[in-house]
Amino acid sequence: MKTNIGTKSNGEKKSRTYRLQTQLSIVFIILLLLTSIIVTSALYFNFCDQTRENTRDRLLDSVAIASLQIDGDAHNDLTDPKNEGNPNYLELRSTLQQIRDAGTDIYYVYTMRLDNEGRIIFLVDAETDPDEIAHLGDIYDDASPMLEERFATLDHPVVEKDFYTDKWGTWLTAYAPFYTSNGQRAGVIGIDIRADKVNEQEKDFLWLSISMFFITIPLAIVTGSLVGRKLTAPIVLLTKDVKRIAEGDLNSKVQEHNIEELNELVLSFNNMTEKLDQSFDNLRNEVEIRKKAERELKDQHDLLEELVDERTKELRKSEEKLRNIFENSTNTFYSHTSNHIITYLSSQVEDLLGYSPEEAMNKWTDLASDDPINEMGFQRTVDAIESGKVQPPYELELVHKNGKKVMVEVREAPVVKNGKTIGIVGALTDITERKQAEDTMLASKIAAEEANRTKSEFLAVMSHELRTPLNAVIGFSDVLLDETFGTLNEKQRKYVNNISTSGTHLLVLISEILDLSKVDAGRMELSKETIDVPDSITNIRNMVSHLATMKNISINTIFEPQDITLYADPVKFKQILYNLVSNAIKFTHDGGTVSLKAEHTGNVIQISVTDTGIGISKDDQSRVFDPFTQADSSISREYQGTGLGLSIVKKFVELHGGEIWVESELGVGSRFTFTIPIKHMEKEE
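Here the structure is a predicted model, which is why all the values come from computation and not from measurement. (Residues numbered from 1 in each chain as written. Predicted model: local features only at pLDDT ≥ 70, side-chain atom pairs only at ≥ 80, totals over all residues. Heavy atoms only, no water.)

Draft legend 1. Local environment of the pairing of strand S16 (residues 604–611). Among the 8 residues of S16, 6 are classified as buried, and the element is accordingly described as predominantly covered. The pairing of strand S15 (residues 593–601) with S16 spans 8 bridges and is antiparallel. Its bridge partner lying in S16, Thr601 is registered against Val604. The antiparallel hairpin formed by S15 and S16 contains 2 residues in its connecting segment, where Gly602 sits at a positive phi of about 65°. With 7 bridges joining them, S16 and strand S18 (residues 669–677) adopt antiparallel strand pairing. For Val604, the partnering residue across the bridge sits in S18 and is Pro677. (Buried < 20%, exposed > 50% of the residue type's maximum accessible area, 1.4 Å probe, protein only. Helix = DSSP H or I, 4+ residues; strand = E, 2+ residues; numbered from the N terminus. Pairing = 2+ DSSP bridges.)

Draft legend 2. Structural context of the environment of Lys586. By the secondary structure assignment, Lys586 is in helix H13 (residues 570–586). By relative accessible area, Lys586 is classed as partly exposed at 26%. Note: C-alpha distance between Lys586 and Lys551 (35 residues apart in sequence) is 9.1 Å.

Draft legend 3. Representation of the packing of H13 against helix H16 (residues 645–655) within the structure. Taken N-terminus to C-terminus, the directions of H13 and H16 make an angle of 145°; their axes are 9 Å apart at the nearest point. For the crossing formed where H13 meets H16, the hand is left-handed. Contacts from Lys572, Gln575, Ile576, Asn579, Leu580 and Asn583 in H13 reach Gly645, Leu646, Ile648, Val649, Phe652 and Val653 in H16. Taken together, the residues of the contact of H13 with H16 break down into 7 nonpolar, 4 polar and 1 charged. (Axes fitted to C-alpha atoms, helices over the stretch in contact; angles between N-to-C directions. Left-handed = near helix turned anticlockwise from the far one by under 90°. Contact = heavy atoms within 4.5 Å. Nonpolar A, V, L, I, M, F, W, Y, C, P; charged D, E, K, R; others polar.)

Draft legend 4. How the structure looks around the sheet that holds strand S8 (residues 342–345). Here we have 5 strands laid out as an open sheet, ordered S8-S7-S11-S10-S9, and antiparallel in their pairing. The open sheet has two edge strands, S8 and strand S9 (394–399), and neither has a second partner. The sheet shows a mean angle of 30° between the axes of neighbouring strands, direction not considered. In this structure, strand S7 (residues 332–337) lies alongside strand S11 (residues 420–430), joined through 6 bridges in antiparallel fashion. Note on S11: the bridge partner recorded for Phe333 is Ala427. Those strands touched by helix H9 (residues 373–387) are S7, S9, strand S10 (405–417) and S11, and its axis lies near 125° from that of S9.

Draft legend 5. Looking closely at H13. The terminal C-alpha atoms of H13, which comprises 17 residues, lie 24 Å apart, in line with the 24 Å expected from a rise of 1.5 Å per residue. Within the span of H13, buried status applies to Lys572, Phe573, Ile576, Leu577, Asn579, Leu580, Val581, Ser582, Ala584 and Ile585. (Expected span 1.5 Å × (residues − 1).)

Draft legend 6. Looking closely at the sheet that holds S16. On the basis of which strands lie adjacent, the open sheet formed by 5 strands has the order S13-S15-S16-S18-S17 and mixed pairing. Where the open sheet ends on each side, the last strands, each with one partner, are strand S13 (554–560) and strand S17 (659–665). Taken pair by pair, the neighbouring strands of this sheet meet at an average axis angle of 15°, ignoring direction. Lying on the sheet, helix H12 (residues 533–550) is in contact with S13, S15 and S16; it crosses S13 at an angle near 175°. Packed on one face of the sheet, H16 meets S17 and S18 and runs near 140° to S17.

Draft legend 7. Highlighting the pattern of salt bridges. Scanning all chains against the criterion turns up 14 salt bridges. Glu397 is the partner of Lys405 in a salt bridge, and the nearest nitrogen-oxygen pair spans 3.8 Å. Ionic contacts of the salt-bridge type, sharing partners, join the residues Glu395, Arg434, Lys435 and Glu438 into one network. (Salt bridge = Lys/Arg side-chain N within 4 Å of Asp/Glu carboxyl O.)

Draft legend 8. Structural detail: the environment of Leu92. Tracing the backbone through its elements, the reader meets Leu92 in helix H3 (residues 87–102). Ignoring any residue separated from it by four or fewer positions in sequence, one finds Leu92 in contact with Ile70, Asp71, Ala74, His75, Leu78 and Val124.

Draft legend 9. Here's a closer look at the nonpolar core. Phe573, Leu580 and Phe674 are the most contacted members of the largest nonpolar core, which totals 40 residues. When residues of this core are assigned to their parent elements, the largest contribution, 7 residues, is made by H13. The contact partners of Leu580, leaving out residues within four places of it in the chain, are Val609, Leu646, Val649, Ile660, Phe672 and Phe674. Among the nonpolar cores identified, the runner-up in size contains 29 residues, and Ile70, Val124, Leu172 and Ala174 belong to it. (Core = buried A, V, L, I, M, F, W, Y, C linked by side-chain atoms within 4.5 Å.)

Draft legend 10. Up close: a nonpolar patch on the surface. On the surface, Ile26, Val27, Ile30, Leu31, Leu34, Ile37 and Ile38 cluster together into a nonpolar patch covering about 620 Å² of accessible area. As for its placement among the helices and strands, Ile30 is situated in helix H1 (residues 10–67). For Ile30, a relative accessible area of 43% puts it in the partly exposed group. (Patch = residues over 30% accessible without salt bridge, like charges linked within 9 Å, V, L, I, M, F, W, Y side chains within 5 Å. Areas by Shrake-Rupley, 256 points an atom, 1.4 Å probe, with all protein chains shown as cover.)

Draft legend 11. Just the confidence of the model for the chain, in detail. Counting all residues, the mean pLDDT for the chain is 79, and 75% of those residues have values of 70 or more. Low pLDDT, under 50, characterises residues 1–8; the predicted model gives this stretch 25 contacts beyond four residues in sequence or across chains. The low-confidence segment residues 632–637, where pLDDT is below 50, has 4 contacts with residues more than four positions distant or belonging to other chains. (pLDDT = per-residue confidence, 0-100.)

Draft legend 12. Highlighting unusual backbone geometry. Put simply, Glu560 and Pro561 share a cis peptide bond, and its omega is 0°. Checked against the element boundaries, Pro561 lands in the loop between S13 and strand S14 (565–568). Unlike most non-glycine residues, His340 shows phi in positive territory, near 70°. With respect to the helices and strands, His340 occurs in the loop between S7 and S8. On the basis of relative accessibility, which here comes to 45%, the residue His340 falls in the partly exposed class. For Asn552, which is not glycine, the phi dihedral falls at a positive 55°. With respect to the helices, strands and loops of the structure, Asn552 is situated in the loop between H12 and S13.

Okay, structure coming up:
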């Protein structure tokens, strides 16, 4: 059977074959060249690494041997630049010149040591050129980082890892210590090799590698061409056989070849021609079957139309029920297309905005006010259309027919069909009264905060103004007590002492009020630095030791670990500790115990002050940090205090970003614990 299934010209077949041969040749040539590049590069870089490693080894051996030839005792006698002409200097210089001349590529040989200020200075230099010589006492101010770091502790020969540059040039340098007769280090000898010596060897090998690469190019071209021709020869024969099949001779067979992979392709072609012949017969049968199926499909289509009509009637009934639900709701419902064309608006819009649904639909885009909040809301609708997902509710400001502003909450859901958003359904809820109530509450809150700020500023100013005359009262009363201007009788001393004590107590109260008002007014600033926590706690323990001694109270400290640091204001931190510890001592009976514990927990330092004092009731624990507050009036009378100490502690802890709390039981004692975040030397904005 011969069927015309389309043909291709012989010229096209040959052209394709030649293109394949060319492509295969080019691919093979590229592979050969890439292999050559990789091998050549590997050889070059290996040569460079080996050359530099050999140079380092040779330089290390040279400096190790040279260090043994230096007279350390004579070297130690060179202390003044004027010593350059003495015999010791000349003898050492001669030794260095012999070391330099013994190596073919050694350029500089010199000795160094540290001066009294810890700087590296030159002692003896083998160089004779006045422009390049390093004189005795010259500072080596551009030494390499490795030499700067290790000079003071250098106890064995070392070589720089890489070349480095100073004002004399670029070098690879080795260093070794040398010693006096009694084993003390007298200095360090340095030997330099110029970088260009090594670079010239690497450059010569690079040109050799490049030459080898260019030699491989013609070999790769010839080899690639032969391989391409060899690989495409069987394909040319296969193409001729396939051409006959392509011209319509399905009974023709493709000849087998001596290449196993091509024989599999030949068998596939032969099987394909047999199956194509069978397929034409099967195709006729399928055409008859499809005609029969089309007739059956038409019958199904007619039946489907009847079902659609019935379903449409049911949907209309459901739509009527849904519409009734919408109409009886207090919300306003709507729908619009993805192009923002309103398709439905419930009747509640008339109660909401004063317009009938028809009026509102015609001017819907004009009902929004110019409030910026509307732009964010409109963007939510766009996001819902683009993503096909429900967005969070948002607020809009609309304009009533009478001109009043109406705030509504909008809830929307996209309508998605076949993965594409075709519209939006939504509901509007009137929240005007709620927003007005929120605005009223916000205004009240702002007014209260402003009043509190004004109060704090007033207290700060008044406290500052009161401290000046009080300092004078205290100062003059102390002068009288010292009897500088005459002797006081017993009654006078008692009265003046009362003035001094009361004035001091009042000054402390005013200072605490000033600190508290500064924090409340936002005028308190922190001067942070790194603090050694155990040292700070020890200082506070020493400050209150006389108070503890008077009541026979023992003070214990625990640090976990022993070296705890944090980044905080040292003055405020010590005031926090002093207030807590002095409070603990004040409310602890004679013979009791006060314990301080500092520990590193996670990202914070946690400090606890525990006492065996009178304790605090559950009811009073909630207000113990309030200003001017103590546990109860009886305690206030028995234990003197302003009631501001703990309030100031809480403010200072919170200024550092920490928190404080209390645990207590009446008659057992109390534990005050606070935390401060660890921020090592951070610059906080």
